[in-house]
Amino acid sequence: MTTPSGGSTPDDYWRRPGTGDEAAAHQAPAAPTNTPAGGYAGPPPSVPPPSGWRPPVHLQPAPPRQLPPQDMADLDVAEQRSQRVTYGFGVAAGVVLVIVVCLLCSRVIF
């Protein structure tokens with residue numbers, strides 16, 4: 001990072017470069033002339049669209065299909081089976097970790 005040198009302020013480094021019109025940059029911008037004296041005039045008036053502005057619809061989509069019925073008892077059995085598999089893998093991983101820790105501790109002790 002470079003530091004400003006000379007008689008400039010520290011903020012001069014971060015200012016935008018001049019556009020050649022430094023005198024206009026220090027003046028306040030002129031107020032717009034089309035606003036009424038009372039302030040905000042509101043949004044511009046809207047015009048409703050013409051009556052036939054939508055494109056014509058030539059193809060109607062098919063009605064939604066009926067989903068097959070669900071066998072809740074079969075879903076429960078499948079969920080219990082997958083839960084047993086998950087617990088089995090967890091127990092196996094835990095046993096392997098306990099064996100590894102025991103082997104590491106026995107190496108440190110003996």
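It should be noted that the structure appears before, not after, this text.
Thresholds, definitions, all that
Residues numbered from 1 in each chain as written. Predicted model: local features only at pLDDT ≥ 70, side-chain atom pairs only at ≥ 80, totals over all residues. Heavy atoms only, no water. Helix = DSSP H or I, 4+ residues; strand = E, 2+ residues; numbered from the N terminus. Buried < 20%, exposed > 50% of the residue type's maximum accessible area, 1.4 Å probe, protein only. Areas by Shrake-Rupley, 256 points an atom, 1.4 Å probe, with all protein chains shown as cover. Disulfide = S-S within 2.5 Å. Patch = residues over 30% accessible without salt bridge, like charges linked within 9 Å, V, L, I, M, F, W, Y side chains within 5 Å. Salt bridge = Lys/Arg side-chain N within 4 Å of Asp/Glu carboxyl O.

Colleague: Tell me what's going on with the overall build of the protein, and back it up with residues and numbers.
Modeller: Helix and strand counts for the protein come out as 2 helices and 0 strands. Taken across its 110 residues, the protein has 0% of its residues classed as buried. If you sum the accessible surface of the protein, you get close to 11,300 Å²; carbon and sulfur atoms cover 64% of it.

Colleague: Any chance you could break down the state of the cysteines for me, citing the residues and the numbers?
Modeller: With the rule as written, the count across this model stands at 0 disulfides. The cysteine Cys105 is free of any disulfide, with Cys102 supplying the nearest cysteine sulfur at 6.7 Å.

Colleague: Explain a nonpolar patch on the surface to me, using residue names and the numbers behind them.
Modeller: A cluster of nonpolar residues, Val91, Val95, Ile99 and Leu103, forms a patch on the protein surface that exposes about 370 Å² of accessible area. Tracing the chain through its elements places Val95 in helix H2 (residues 72–109).

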